[in-house]
Amino acid sequence: MEEKEPKALDLKAVIALQEKRVLPLFASRIDYGVVIAVALLLAAFQIWTAGFGVLFALKQRIIHISLLGALTFYLRGLGSRFDTDADGLKKVFAWDRGFAVLMLASMVYLLWNYDAIQSRAGFPEPWDIAFGVIMIVMLLEMTRRVVGLALPIIAICFLLYAFLGPYMPTLIGHRGYDIERIVAQMYLTTEGIFGVPAGVSATFIYMFILYGAFLEKSGGGIFFIKLAYALTGRMLGGPAKASVMASGLMGSISGSAVANTVTTGAFTIPLMKSVGFRPHFAAAVESSASSGGQLMPPIMGAAAFIMAVFTNIPYKFIMVSAAVPAALYYFAIFISIHFRAKRMGLKPGNAEDLPRAKELLKEDWQHLFSLVVLVVLLLMDITPLRAAFWGTLTIIISCGLRKSTRMSMRSIYEALLLASRNTATVGAACACAGIVVGVVTLTGIGLKFATLIEVMAGGNIIIALMMTMVASLILGMGLPTSACYIVLAVLAAPVLTNLGFPVLASHLFIFYFGIISAITPPVALAAYAGSGIAGSNPFKTALTALSLDLSAFFIPYWFIFNPELLLNKGALANISVIFVAAVGVVSLSAMTQGFLLRKLTPIERVVAVLITFALLIVDFKWRVVGLAVFAGMIIYQKMTINKSPAEPAGSFASARD
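Keep in mind it's a predicted model, so treat the numbers as computed, not measured. (Residues numbered from 1 in each chain as written. Predicted model: local features only at pLDDT ≥ 70, side-chain atom pairs only at ≥ 80, totals over all residues. Heavy atoms only, no water.)

A.B. asks: Explain helix α7 (residues 150-163) here, please?
C.D. replies: Because each turn of an α-helix spans 3.6 residues, side chains separated by three or four positions in sequence point in the same direction. Here α7 spans 20 Å end to end across 14 residues, near enough to the 20 Å set by a 1.5 Å rise per residue. When α7 is considered as a whole, its buried residues turn out to be Leu-151, Pro-152, Ala-155, Phe-158, Leu-159, Tyr-161 and Ala-162. Next to the buried residues of α7 lie α6 (126-147), α8 (179-187), α20 (409-443), α21 (445-457) and α23 (481-491). (Helix = DSSP H or I, 4+ residues; strand = E, 2+ residues; numbered from the N terminus. Expected span 1.5 Å × (residues − 1). Buried < 20%, exposed > 50% of the residue type's maximum accessible area, 1.4 Å probe, protein only. Contact = heavy atoms within 4.5 Å.)

Shown next as structure tokens:
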């Protein structure tokens, strides 16, 4: 007999997840001590450079990536079952220590010979190339350990492209570069491994991960999850809506769709299943919401900081511009859940089992204070680096005002370790993606790629946009968000800017589709992670997540053609376009879930799709027609609402869906 899932919010399970060990238990105390030392050294270095010190960009990036590499080789094994002993303790092998030493040796060599290397720029010596090769190989292995094979394979392909340029087709060919020139570009300049992506990781990203670590260790993560359930748990389909809100709040900070899915999904997915949602639907909701968290201001999963550097647009403008598209994304998931719950005949959650928002805010208001300080500082043109630094200090101070929330020295110590550990994934991805950027800069393939798409599109803007969308989805599959955006920014974004679209809209366009790739088959990593928790079919989960997020495929087209959605026009124009887009989201969500006020007939589903396209067209007449038809559908459904009763939760139709 299947064990019955608990219907109440199991706060003990939430707390257990939040209080899990920061570091694994090591078989060797010496190895454990090394990990502690490196993690704390990295944290101290980052805090010093953020709040007090000034360091040359190349030196800071070298130290940041090398310390992360050494930490990674101790924490992540080769991926075999021999990485732990019979007692479950982490084993560190001689090759792991050797890789860490080689990573640090490459760092020491660069720092020790920094002035000499700068003086002979363009004329590297054999030792420069030797240590450069070591750094590239170690970085590829480091990246493989933390994010898998996809990104290292892409980086290797780009390195081969730089070397084999003369043998490539004419349209993408180039004169070719020898190994010495390629390694020098990657290792000795700020145009490769230690380029802009690594620089953003070494500054903005680390400090915001540190902010998230302190928020988690101070109890802020639990607070936001409880607040989400307090605000939405009593609604129809409450656990699913609470999952959306909680995952959005946590996903903005974590910056990883997969990590957020497995963390919050461990308790939200069973809760959704307990009130009647099918396993694949529960997993789809969690993975969709977790992916969208990276679209949520103010943090936007760290990739937005890279966007600010690539576009030369202040972060506060990116944060404000992304607000409405992110709200539409989550509105689409919310309304889809609502329609599905209505169709299944589900009831609201039990109010007695849920926390109350008023009581939560009264007891734990201090967890919101740091977020308010963070947003205010960003809007005041304080750099994101300083804003995150002061936001982290605010957590310590505000939580220290009350004994019940005061952070202990152990909590602060664990937050520092957690930040260093969590940065490994993003740092490795950024540095490895720097190889791609370096090759693009060296060979000029970015402009050639843009020209290739323009030629294939034959001057048709819609076809060019769709081809860019497909390229973004393909290039983003299997990549972390930061690396995904970096690759797309140098290859796909120039296509849109060449077509005359604004720079910010172009970068947000490819950013959205790169994120959606986490739930797009066949490589839907977030959806597959959710299916593992739910015990559902992975591919069916991915398809369901895709249906929930179908509106997300239209939102980038809305704001690329309607800049008002990015809040850069007058108030009246902004409100009218937002309203039209919201109606389009409702219509498309109704089509995917087969329910509006009652179950939709096949003809009504077709009409709902046509309404969406009519509202998408940048033409006042078509939009009036779309709004009128949508209003007519609502009236007709209301008149015939009793002809199609909601399906009970255990019906064949609900099981099939």
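A.B. asks: Got a minute to help me understand the packing of aromatic side chains in this structure?
C.D. replies: Aromatic ring pairs: the centre-centre distance and the angle between the two ring planes describe each pair. Counted according to the given criterion, the structure contains 18 aromatic pairs. Centre to centre, the rings of Phe-389 and Trp-390 are 5.3 Å apart; their planes meet at 80°, and the pair counts as edge-to-face. Given a relative accessible area of 7%, Phe-389 falls into the buried group. The exposure class assigned to Trp-390 is partly exposed, which follows from its relative accessible area of 46%. With 6.1 Å between their ring centres and 65° between their planes, Phe-513 and Tyr-557 make a pair best called edge-to-face. In this pair, Phe-513 sits in helix α25 (residues 503-516) while Tyr-557 sits in helix α28 (residues 555-561), placing the two residues 44 residues apart along the sequence. Judged on exposure class, the residue Phe-513 and its partner Tyr-557 are both buried. In textbook terms, an aromatic cluster arises when at least three aromatic residues are bridged by ring pairs, as seen for Phe-509, Phe-513, Phe-553 and Tyr-557. The aromatic ring of Tyr-114 is capped on one face by Lys-59, whose charged end is 4.8 Å from the ring centroid. (Phe/Tyr/Trp six-rings, centres within 6.5 Å; stacked < 30°, edge-to-face > 60°. Lys NZ or Arg CZ within 6 Å of the ring centre and 35° of its normal.)

A.B. asks: Please explain helix α14 (residues 303-311) as it appears in this structure.
C.D. replies: Among the nine residues in α14, seven count as buried, and that is most of the element. Taken together, the buried positions of α14 are Ala-303, Ala-304, Phe-305, Ile-306, Met-307, Ala-308 and Thr-311. In this structure, the buried residues of α14 make contact with α9 (196-217), α15 (315-321), α19 (384-399), α20, α23 and α25. Trailing α14 by a residue or two, Asn-312 shows a phi angle of about 60°, which is positive.

A.B. asks: Would you mind showing me how to read the packing of α7 against α8 here?
C.D. replies: Each pair of packed helices can be described by the angle between their axes along with the distance between the axes. Where α7 meets α8, the axes come as close as 9 Å, and the angle between the chain directions of the two elements is 135°. One element, α7, and the other, α8, form an angle in the oblique class. When the axes of α7 and α8 are compared, the crossing they make is right-handed. Contact with α7, carried on its side by Leu-159, Ala-162 and Phe-163, involves Ile-179, Ile-182 and Met-186 of α8 and no other residues of that element. Counted by class, the contact of α7 with α8 contains six nonpolar, no polar and no charged residues. (Axes fitted to C-alpha atoms, helices over the stretch in contact; angles between N-to-C directions. Parallel < 35°, antiparallel > 145°, perpendicular 65-115°, else oblique. Left-handed = near helix turned anticlockwise from the far one by under 90°. Nonpolar A, V, L, I, M, F, W, Y, C, P; charged D, E, K, R; others polar.)

A.B. asks: Any chance you could explain the pattern of salt bridges here in plain terms?
C.D. replies: When charged atoms on two side chains of opposite charge get close, those side chains can pair. Applying the stated criterion across every chain yields a total of seven salt bridges. Two residues, Glu-414 and Lys-217, come together in a salt bridge whose shortest N-O distance is 3.3 Å. Taken together, the residues Glu-414 in helix α20 and Lys-217 in helix α9 connect sequence positions 197 residues apart. Residue Glu-414 is classed as buried on the basis of its relative accessible area of 18%. Taking relative accessible area as the criterion, Lys-217 reaches 15% and is therefore assigned buried. Residue Glu-414 is joined to Arg-410 by a salt bridge in which the shortest nitrogen-to-oxygen separation is 3.2 Å. Residue Glu-414 and its partner Arg-410 are located together in helix α20, separated by four residues, close to a single helical turn. Taken together, the shared-partner salt bridges connect Asp-96, Glu-141, Arg-144 and Arg-145 into one network. (Salt bridge = Lys/Arg side-chain N within 4 Å of Asp/Glu carboxyl O.)

A.B. asks: Help me understand the side chain of Ser-218 in this model?
C.D. replies: By secondary structure assignment, the location of Ser-218 is in the loop between α9 and α10 (220-232). Residue classification places Ser-218 among the buried residues on the basis of a relative accessible area of 11%. Here the side chain of Ser-218 touches Leu-215 through a polar contact of 3.0 Å, landing on its backbone oxygen. (Polar contact = N/O pair within 3.5 Å; in protein donor to acceptor, adjacent residues only side chain to side chain.)

A.B. asks: Looking at this structure, how should I read the packing of α6 against α20?
C.D. replies: Axis separation between α6 and α20 bottoms out at 9 Å; the angle between their running directions is 135°. Put simply, α6 runs oblique to α20. Once α6 is placed against α20, the crossing between them reads as left-handed. Along the contact surface, α6 presents Leu-139, Leu-140, Met-142, Thr-143, Val-146 and Val-147, while α20 presents Ala-424, Thr-425, Ala-428, Ala-431, Cys-432 and Ile-435. Classifying every residue of the contact of α6 with α20 gives ten nonpolar, two polar and no charged.

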